[in-house]
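Examination of the molecular architecture
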Amino acid sequence: MSSQILKVGLVQHANSNDLEQNTAKTVQGIRDAAKQGAKLVVLQELHRSLYFCQTEDTDLFDLAETIPGPSTSLYGALAKELDIVIVTSLFEKRATGLYHNTAVVLERDGTIAGKYRKMHIPDDPGFYEKFYFTPGDLGFTPIQTSVGKLGVLVCWDQWFPEAARLMAMAGAELLIYPTAIGWDPRDTQDEQVRQRDAWIISQRAHAVANGVPVISVNRVGQEQDPSSQSEGIQFWGNSFVAGPQGEMLVHASETQEQTLVVEIDQGRSESVRRIWPYLRDRRIDQYQDLCKIYRD
């Protein structure tokens, strides 16, 4: 198969309560990736602020913004200046009292190519997202861009094979997961390793099962719980890109801020799918019960 090389940048950094400093880090990471030749740059989930979902606080809705809005203007202008596609992650204010966790794709001309509203919303200790985010209503629809058809999903979505499959079935050439995930510092080292490995394995499996590369970008650093009910979250980094057989193409640090650039051969998906034609052999006539919550 002929090669179709796409250089992809991943921007992994720590966050603080200084929104301007966070944005400056993100912008610098994008510029660094573009300087190394990246034509697609992916950012971590909710990169503008601290991960605010550790507590339920109505004042934090002030962090939300409209789309289009300040962030899409900023990153749209940057995409146009650098001639790249950017996948950003925003706390979207759709209307008063209606908010989403939304990924936005900025095209190389600065326009909004499309957006994806996070479909699976967690509600676990330290991750109280159901308080802030309404589940997405845009479905699992890839976004067409000048660098390919992007299957953009967000964080908790990465644990659901159905989401990855539906994106692939709609022609996604890449699966992309802006992420904010970390450990409870009180967990044992063994438990932390199991959680991190499960996270990586799950996403590499999506690459294998669908024959497409997966891009996952996480943050790093310790973020305190404002309520002091827990010891906060230690975000575990480990941003990575896996190829269509699950092979690791690049893998970031667990603790350090990094901007990584990696080459993805988009032509390999065609070759891999010819060898492992999972879509051909799916028994859709036997899958009706997948639309049930549970088979009682």
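Data block above holds the structure.
We now turn to the structure provided with this report. Here the structure is a predicted model, which is why all the values come from computation and not from measurement. (Residues numbered from 1 in each chain as written. Predicted model: local features only at pLDDT ≥ 70, side-chain atom pairs only at ≥ 80, totals over all residues. Heavy atoms only, no water.)

1. Quick look at helix 1 (residues 19-35)
With 17 residues, helix 1 extends 24 Å from end C-alpha to end C-alpha; this agrees with the ideal 24 Å at 1.5 Å per step. Those residues of helix 1 lying buried are Asn 22, Thr 26, Val 27, Gly 29, Ile 30, Ala 33 and Ala 34. Taken around the axis of helix 1, the buried residues stretch over an arc of 155°, which confines them to a single face. Within helix 1, the exposed residues directed more than 90 degrees away from the buried face are Glu 20 and Lys 35. Against strand 1 (5-12), strand 2 (40-43), helix 2 (70-82), strand 3 (85-95) and strand 17 (258-265) lie the buried residues of helix 1. Positive phi shows up at Gly 37, right after helix 1, with a value of about 100°. (Helix = DSSP H or I, 4+ residues; strand = E, 2+ residues; numbered from the N terminus. Expected span 1.5 Å × (residues − 1). Buried < 20%, exposed > 50% of the residue type's maximum accessible area, 1.4 Å probe, protein only. Arc of directions from axis to C-beta. Contact = heavy atoms within 4.5 Å.)

2. Examining the packing of aromatic side chains
A complete count under the given rule lists 21 aromatic pairs for this structure. Where Phe 52 meets Phe 91, the ring centres are 4.8 Å apart and the plane angle is 25°; that geometry is what we call stacked. Placement of the pair is Phe 52 in the loop between strand 2 and helix 2 and Phe 91 in strand 3, with a sequence separation of 39 residues. Grouping residues by exposure puts Phe 52 and Phe 91 together as buried. Each member of the aromatic cluster is reached from another via a ring pair, and the members are Phe 52, Phe 61, Phe 91, Tyr 99, Phe 131, Tyr 132 and Phe 133. Seen from the ring of Phe 235, Arg 219 lies directly overhead, with NZ or CZ sitting 5.3 Å from the centre. (Phe/Tyr/Trp six-rings, centres within 6.5 Å; stacked < 30°, edge-to-face > 60°. Lys NZ or Arg CZ within 6 Å of the ring centre and 35° of its normal.)

3. Observations concerning the pattern of salt bridges
For the coordinates displayed, the defined rule picks out 22 salt bridges. One salt bridge in this structure joins Asp 137 and Arg 117, with 3.0 Å as the shortest N-O distance. In this pair, Asp 137 is assigned in the loop between strand 7 (127-128) and strand 8 (143-145) and Arg 117 in strand 5 (residues 112-117), connecting sequence segments 20 residues apart. The network of salt bridges with common partners includes Glu 92, Arg 94, Lys 115, Arg 117 and Asp 137. (Salt bridge = Lys/Arg side-chain N within 4 Å of Asp/Glu carboxyl O.)

Any link to function would need more than the numbers given here.
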